[in-house]
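Inside the fold
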Amino acid sequence: MIKEVTAVQRILSTQLSHQIGESVRIAGWLHRRRLLKSVAFLIVRDAAGLAQVVVTDPTVRAAVESLSEETVVEVTGTVIANPTAPAGVEVVEPAVRPLGPPAVPPPFDLYRPVLTATLPTQLDHAPTALRHPSRSAALRISAAAVAGFRAALDARDFVEIHTPKVVASSTESGANVFALDWFGRPAYLAQSPQFYKQLMVGVFERVYEVGPVFRAEPHDTVRHLAQYTSLDVELGFVADHRDVMVVLRDTLAGMLGAVRARAGAALATLGVEPPEVPAEIPAVHFTEALKIAGAPADEPDLAPAHERALGEWACREHGSDFLFVTGYPMAKRPFYTHPDPARPAYSNGFDLLFRGMELVTGGQRLHRYEDYLAALAARGEPVEPYAGYVDAFRHGMPPHGGFAIGLERFVARLTGAANVREVTAFPRDLHRLTP
RNA sequence: GGUCCUGUGGAGCAGUCGGAGUGCUCGCCGCCCUGUCAAGGCGGAGGUCGCGGGUUCAAGUCCCGUCAGGACCGCCA
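Residues numbered from 1 in each chain as written. Chains lettered and ligands numbered in written order. Predicted model: local features only at pLDDT ≥ 70, side-chain atom pairs only at ≥ 80, totals over all residues. Heavy atoms only, no water.

**Some remarks on the overall build of chain A**
Filter applied, for reference: The numbering of helices and of strands both runs from the N terminus, where a helix is a DSSP run of H or I of at least 4 residues and a strand a run of E of at least 2. Exposure classes here rest on a 1.4 Å probe applied to the protein chains alone. A residue is buried below 20% of its type maximum, exposed above 50%, and partly exposed in between. Two residues form a contact once any of their heavy atoms are found within 4.5 Å. Using the Shrake-Rupley algorithm and a 1.4 Å probe, accessible areas are obtained, with residue cover drawn only from the displayed protein chains. Lys and Arg are tallied as positive, Asp and Glu as negative. Neither His nor the chain termini are counted. Where a charge lies is defined by one atom per residue type: Lys uses NZ, Arg uses CZ, Asp uses CG and Glu uses CD.
Each helix and strand counted, chain A has twelve helices and 18 strands in total. By principal-axis analysis of the C-alpha atoms, chain A measures approximately 85 × 55 × 45 Å. Within chain A, the proportion of its 435 residues that are buried is 48%. Contacts in chain A between residues at least 24 apart in sequence constitute 64% of all its contacts with a sequence separation of at least 6. Only carbon and sulfur atoms are counted for the fraction: they give 55% of the accessible area of chain A, which is about 20,800 Å². Where the 42 positive side-chain charges of chain A centre and where its 48 negative ones centre are 4 Å apart.

Listed below in structure tokens is the structure:
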């Protein structure tokens, strides 16, 4: 077997403090150069963080002067401890080898603590803007949250599934779908894995999915995307929606726990302290929520201003960043929603507000074939487009329910981002299809 | 889809009552500086004031249209 015995293993910036006195190789992007008369400092950024390299040799210095910020370089040198270095360690006597041509500088300074470019400018130059620690930190938190979502559900015997993103008919009442051509037949991008995750409850009892969903709704707000990542859960053998809410509570706790455990540096970069999830998240019925928010009693839904008011109320009265609103009117919920047996005009459905924004929708679903026929008939909708879905309920489905978390909204609320686009790598919305 | 706001060198802004493309912070180029920390000092380059039309002796500034961007609302996760 051939092995490169002479190669020095690459060390990440954060590991340098364990290599004092050693000869090391680091590699990354030239984050910033500070050129003084007889000494030059190179700040090299890698996936883990920043490393300082000190150049005194005139030949190396001359070579470094021609390298612009963001050029990819490899540095070999000796690690020394130095209290005046930003991290307490630095690499001296370096050899600097560019791994590519000098980089064309991005239109904003990545080495500054805050990105001064406006959001549209950042999004236009997303491939480089995302390199800024403040932007990449949000994406690391997002990744940790998804890992926590999976871990929490895996621990409760859920099975991860993957459902089609191209479908023959829309999942939720008609209009807002992206149409495309499927070998000459009309097809649509899936608005939700709703039908498929319900059907898979008939296979595994408990399922979840992490995947993109597509909404052709002309919403132009800081909390809407045409494509977003939906964290979907569905479970069988529930008594009602409250069993689903318990799983949601534990899932959120798992997500935030994973964010703390796996994205501590990212949280520090953003100065964010994740909230605790109460052992029991406070819950109010929709009719009560209207009163708290000061909305008219005949209001069919909560407006964003009402949700903000409820968020403040939950924080004030219960010290909770989370609030369940249960029992939304059946008229505002999709046809597969299970009604409240005691008050049939209201549903066994809920929303979860996180700091005053709708983060999750969930509830108990219908599970009897006849109920589906009646629900569609009551809404004047034909059964035929839903045949493949509804038919499954003739073959035995347990009482079940589930929920869907909007990942971008979760991260935006958690990090304090004003716009979900700040925590989305390449957002797709009404106006943006590139990059 | 409705309402409101904003378009000024590469980035972010200011520009008053209509009076010469004026100004600020940063970047860029050149020079200087043994230890920088968003380095510092001196000098320089870079603009069809989004686009089109109108009013005026005179428009970045006022009016109309148009394009682009943003916020709120509707609706949603």
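Alright, that's what it looks like, and here's the rest.
**So, the protein's contact with RNA strand B**
Selection rule: If a single non-hydrogen atom of a residue is within 4 Å of a molecule or strand, that residue counts as near it. Any pair of nitrogen or oxygen atoms within 3.5 Å is treated as a polar contact; in protein, a donor-acceptor pairing is required on top of that, and neighbouring residues in sequence qualify only through side-chain atoms on both sides. Ten residue types, Ala, Val, Leu, Ile, Met, Phe, Trp, Tyr, Cys and Pro, are classed as nonpolar, four, Asp, Glu, Lys and Arg, as charged, and the remainder, Gly among them, as polar.
Taken together, 47 residues lie near RNA strand B, and R34, R112, R223, L359 and R409 sit nearest. Of everything in RNA strand B that lies within 4 Å of the protein, sugar and phosphate atoms constitute 58%. D301 is positioned such that a nitrogen or oxygen atom in its side chain is 2.9 Å from a phosphate oxygen of RNA strand B. In the environment of RNA strand B, a sugar or linking oxygen lies 3.0 Å from a nitrogen or oxygen atom belonging to the backbone of V360. Within the residue set of the surface near RNA strand B, elements represented by two or more residues are β1 (23–35), α2 (119–124), α9 (304–318) and β17 (357–365). For the surface near RNA strand B, a count of residues per class yields 20 nonpolar, 13 polar and 14 charged.

**Describing the side chain of R409**
Definition in use: Salt bridges are counted wherever a side-chain nitrogen of Lys or Arg sits within 4 Å of a carboxyl oxygen of Asp or Glu.
Examined against the element boundaries, R409 turns out to sit in helix α12 (residues 407–415). Within the buried core, R409 has no salt-bridge partner, and the shortest N-O distance to an opposite charge, that of E358, equals 5.1 Å. There is a polar contact of 2.9 Å between the side chain of R409 and the backbone oxygen of E358. When sequence neighbours within four positions are dropped, the list of residues in contact with R409 reads R223, H224, M357, E358, L359 and V420.

**As for the packing of helix α8 (residues 286–293) against α9**
To be explicit about the condition: For helices, the axis comes from a line fit to the C-alpha atoms of the stretch in contact; other axes are also lines fit to C-alpha atoms, and the angle between any two N-to-C directions lies between 0 and 180 degrees. To sort the angles, those under 35 degrees are grouped as roughly parallel, those over 145 as roughly antiparallel, those from 65 to 115 as roughly perpendicular, and the leftovers as oblique.
Running from amino to carboxyl end, α8 crosses α9 at an angle of 90°, the nearest separation of the two axes being 9 Å. On the basis of their axis angle, the class for α8 and α9 is roughly perpendicular. Between α8, through A289, I292 and A293, and α9, the contact on the second element is made entirely by H306, A309, L310 and W313. Residue composition of the contact of α8 with α9, grouped by class: six nonpolar, one polar and no charged.

**Regarding the sheet that holds strand β8 (residues 179–182)**
Where we set the bar: Strand pairing requires that DSSP identify at least two bridges connecting the strands.
Read across the sheet, three strands follow the order β7-β9-β8 without closing on themselves; strand pairing throughout is antiparallel. In the strand order of this sheet, the two ends are held by β7 (166–167) and β8, each with one partner. Strand direction decides the pairing type here: β8 and strand β9 (residues 185–189), joined by four bridges, are antiparallel. Bridge assignment links A179 to a residue of β9, and that residue is Y188.

**Observations regarding the sheet that holds strand β16 (residues 349–354)**
The eight strands lie next to each other as β6-β10-β11-β18-β17-β16-β13-β12, forming an open sheet whose pairing is mixed. The sheet terminates laterally at β6 (159–160) and β12 (283–285), the two strands that pair on one side only. Where strand β11 (residues 227–236) lies against strand β18 (residues 400–406), seven bridges are found, and the strand directions are antiparallel. Among the inter-strand pairings, V233 is bridged to a residue of β18, identified as F403. The strands touched by α8 are β12 and β13 (322–326); relative to β12, the strand with the most contacts, the crossing angle is about 95°.

**Details of helix α5 (residues 194–204)**
Regarding α5, the residues found buried are Q194, F195, K197, Q198 and V201. Summarising the contacts, the buried residues of α5 are in contact with β10 (206–214), β11, β17, α10 (369–378), α11 (387–390) and β18. Among the residues trailing α5, E205 stands out with phi positive, at a value near 70°.

**A short note on a nonpolar patch on the surface**
Here is the rule we go by: Residues enter a patch when their relative accessible area is above 30% and they make no salt bridge; the linking distance is 9 Å between like charges and 5 Å between nonpolar side chains (Val, Leu, Ile, Met, Phe, Trp, Tyr).
On the surface, W29, V72 and L99 cluster together into a nonpolar patch covering about 230 Å² of accessible area. You can see V72 is positioned in strand β4 (residues 72–81). The class for V72 is partly exposed, based on a relative accessible area of 32%.

**What about the side chain of E307?**
For E307, the location among the structural elements is in helix α9. Although E307 lies buried, it forms no salt bridge, and the closest oppositely charged side chain, R223, sits 5.6 Å away as judged by the N-O distance. Within the structure, the side chain of E307 is placed 3.4 Å from the backbone nitrogen of E358, a separation counted as a polar contact. For E307, the contacting residues outside a window of four places in its chain are L302, L353, G356, M357 and E358.

**Details of the confidence of the model for chain A**
Note the following rule: You can read pLDDT as the predictor saying how much it trusts each residue, on a scale of 0 to 100.
Across chain A, the average pLDDT comes to 90, with 97% of residues at 70 or higher. When mean pLDDT is compared element by element in chain A, β6 scores highest at 98, while β8 scores lowest at 86.

**Thoughts on unusual backbone geometry**
In this structure, F237 is a non-glycine residue whose phi angle is positive, near 60°. Tracing the chain through its elements places F237 in the loop between β11 and α6 (241–262). Here the phi dihedral of R355 falls at roughly 50°; this positive angle occurs in a residue that is not glycine. Structurally, the position occupied by R355 is in the loop between β16 and β17. Residue classification places R355 among the partly exposed positions, given a relative accessible area of 30%.

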